Amino acid sequence: MRHERIGLVINPTAGKNTGARIGREAALLLAAAGHEIVDLSAMDGAHATARARAAIADHAVDCIVVAGGDGMVHLGVNLVAGTDLPLGIIAAGTGNDNARELGLAVRDAAKAVERITRGATRRIDAVRLVTTHGEARWFVGVLAAGFDAVVNERANAWRWPKGQMRYNLAIARELGVFRPIPYVVEVDGVRHETRAMLVAVANGPAYGGGMKVVPSAEFDDGMLDVLILHEVSIPTLLRVFPKVFQGAHVDHPAVEILRGRQVRLEARGIVSYADGERFEPLPLECEVVPGAVTVLT
């Protein structure tokens with residue numbers, strides 16, 4: 001990469017605050033390599049997004065680099081999707097699923113900077129949803145819209161405890177009250193009605209810190225993989241769900257995977273999560289856009 005103006009967004013709280021340390025280290029290394037650093041970090045994602053969009057509109061940056069976890073990758077994708085502006089990723093979060101599955105360095109500033117500065121790029125697909133207000137929202141990894149999304153919603157409503165323990169407690173609490181959800185899943189116009197425990201729309205294979213929810217999903221095949229875990233008992237869910245870390249759950253007879261380019265999901269009372277971030281309530285409709293994001297690799 002020639003000496004460029006890098007719009008850098010750091011999440012200081014990512015990875016139990018390692019995001020700030022790794023982000024600062026990467027900034028120094030990028031500056032030492034001759035790049036101009038335009039710091040676009042802010043107190044929260046909304047303010048960082050606003051600063052970055054202003055810099056992009058003013059042609060003040062030549063690329064966007066994000067330092068943090070999957071949430072920062074999500075932020076970066078929503079800045080550059082559908083443009084030729086490349087995205088660099090300094091993976092410094094807790095999960096780092098998208099970075100890891102893209103073969104990028106994790107929690108290593110020097111290796112991440114080497115990938116960013118050597119000039120190689122890879123075009124990957126992204127998934128676009130257009131809101132009722134006409135706004136395009138994007139994700140690159142996995143959209144969760146079942147038990148996993150319900151757990152996220154419950155965990156995010158609690159202020160205590162912090163970190164993984166809050167998520168674990170939310171799982172335990174939800175298992176006691178969770179019931180199969182009636183869904184309409186429409187893939188490329190073909191309608192499926194079912195009761196299911198979990199529905200996930202995958203552009204990439206993993207989420208949740210190493211859960212290979214759809215191990216066959218690929219970032220650049222122009223297709224979406226829709227996983228449905230049809231209705232099972234809670235004891236069966238407890239047996240099947242841990243297998244997601246090895247991707248072995250896909251062999252269970254209650255698991256079905258559909259493939260297509262456009263997906264519509266309908267269910268009552270579900271708020272979806274994409275790339276680990278709170279996304280949109282159902283019903284929603286999304287489509288894969290081949291080659292929508294250029295990643296510095």
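These remarks concern the structure in this document. (Residues numbered from 1 in each chain as written. Predicted model: local features only at pLDDT ≥ 70, side-chain atom pairs only at ≥ 80, totals over all residues. Heavy atoms only, no water.)

We now examine the overall build of the protein. Per the secondary structure count, the protein includes eight helices and 15 strands. Against the globule reference of 19 Å for 297 residues, the protein gives a C-alpha radius of gyration of 19 Å, in line with a compact fold. Overall, the protein is about 60 × 40 × 35 Å in size when its C-alpha atoms are taken along their principal axes. Relative to its full complement of 297 residues, the protein shows a buried share of 55%. (Helix = DSSP H or I, 4+ residues; strand = E, 2+ residues; numbered from the N terminus. Rg over C-alpha atoms; globule rule 2.2 N^0.38 Å. Buried < 20%, exposed > 50% of the residue type's maximum accessible area, 1.4 Å probe, protein only.)

Below, the discussion takes up unusual backbone geometry. The peptide bond linking Leu282 to Pro283 adopts the cis configuration, its omega dihedral lying at 5°. Within the secondary structure layout, Pro283 lies in the loop between strand E14 (277-281) and strand E15 (284-296). We note that His59 has phi near 55°; this positive angle belongs to a residue other than glycine. Within the secondary structure layout, His59 lies in the loop between helix H2 (45-57) and strand E3 (63-68). One non-glycine residue with positive phi stands out, namely Asp275, at about 55°. Relative to the helices and strands, Asp275 is located in the loop between strand E13 (271-274) and E14. Residue classification places Asp275 among the buried residues on the basis of a relative accessible area of 6%.

Within the structure shown, the criterion is met by three aromatic pairs. Here Phe139 and Phe279 contribute two aromatic rings whose centre-to-centre distance is 5.7 Å and whose plane-to-plane angle is 85°, an arrangement assigned as edge-to-face. Residue Phe139 is located in strand E6 (residues 136-139), and its partner Phe279 is located in strand E14; the two are separated by 140 residues in the primary sequence. Here Phe139 falls in the buried class, since its relative accessible area comes to 0%. Judged by relative accessible area, which is 6%, Phe279 ranks as buried. Considering the side-chain rings of Phe147 and Phe178, the 5.1 Å spacing of their centres and the 85° angle between planes classify their relative orientation as edge-to-face. One end of the pair, Phe147, is in helix H6 (residues 147-156); the other, Phe178, is in the loop between helix H7 (164-175) and strand E8 (181-187), and 31 residues separate them in sequence. Through a chain of ring-to-ring contacts, the aromatic side chains of Phe147, Phe178 and Phe241 assemble into a single cluster. (Phe/Tyr/Trp six-rings, centres within 6.5 Å; stacked < 30°, edge-to-face > 60°.)

The next subject is the nonpolar core. Ranked by internal contacts, the top residues of the largest apolar core, which has 56 residues, are Leu143, Val185, Val201 and Leu265. With seven residues, the top contributor of residues to this core is strand E9 (residues 190-202). Counting 32 residues, the second largest nonpolar core, distinct from the first, contains Ala52, Val66, Val80 and Trp138. (Core = buried A, V, L, I, M, F, W, Y, C linked by side-chain atoms within 4.5 Å.)

The subject of this paragraph is the layout of surface pockets. By volume, the second largest pocket amounts to about 250 Å³. Along the wall of the second largest pocket there are 13 residues; nearest its centre are Thr49, His74, Leu75, Asn78 and Arg137. Secondary-structure elements contributing two or more residues to the lining of the second largest pocket are H2, helix H3 (70-80), E6 and E14. Residues of the lining of the second largest pocket, tallied by class, amount to three nonpolar, five polar and five charged. (1 Å grid on protein atoms, 1.4 Å probe; cavity = no way out; pocket = protein on both sides within 12 Å on 5 of 7 lines; lining within 4 Å. Points joined across faces, edges and corners; volume = space filled by probe spheres on them. Nonpolar A, V, L, I, M, F, W, Y, C, P; charged D, E, K, R; others polar.)

Under the 1.5 Å per step criterion, the end-to-end length of H2 is 18 Å for 13 residues, consistent within 8% with the ideal 18 Å. Of the residues making up H2, those classed as buried are Ala48, Thr49, Ala52 and Ala55. All buried residues of H2 lie within an arc of 130° about the axis, which places them on one face of the element. Residues of H2 that are exposed and point over 90 degrees away from its buried face: Ala46 and Ala57. Residues of H2 that are buried sit in contact with strand E1 (5-10) and H3. Two or three places before Ala46, at the start of H2, stands the capping residue Asp44, its side-chain oxygen 3.3 Å from that residue's backbone nitrogen. Downstream of H2 by one or two residues, His59 has phi in the positive range, about 55°. (Expected span 1.5 Å × (residues − 1). Arc of directions from axis to C-beta. Contact = heavy atoms within 4.5 Å. Polar contact = N/O pair within 3.5 Å; in protein donor to acceptor, adjacent residues only side chain to side chain.)

Any functional reading would require information that these geometric values do not contain.
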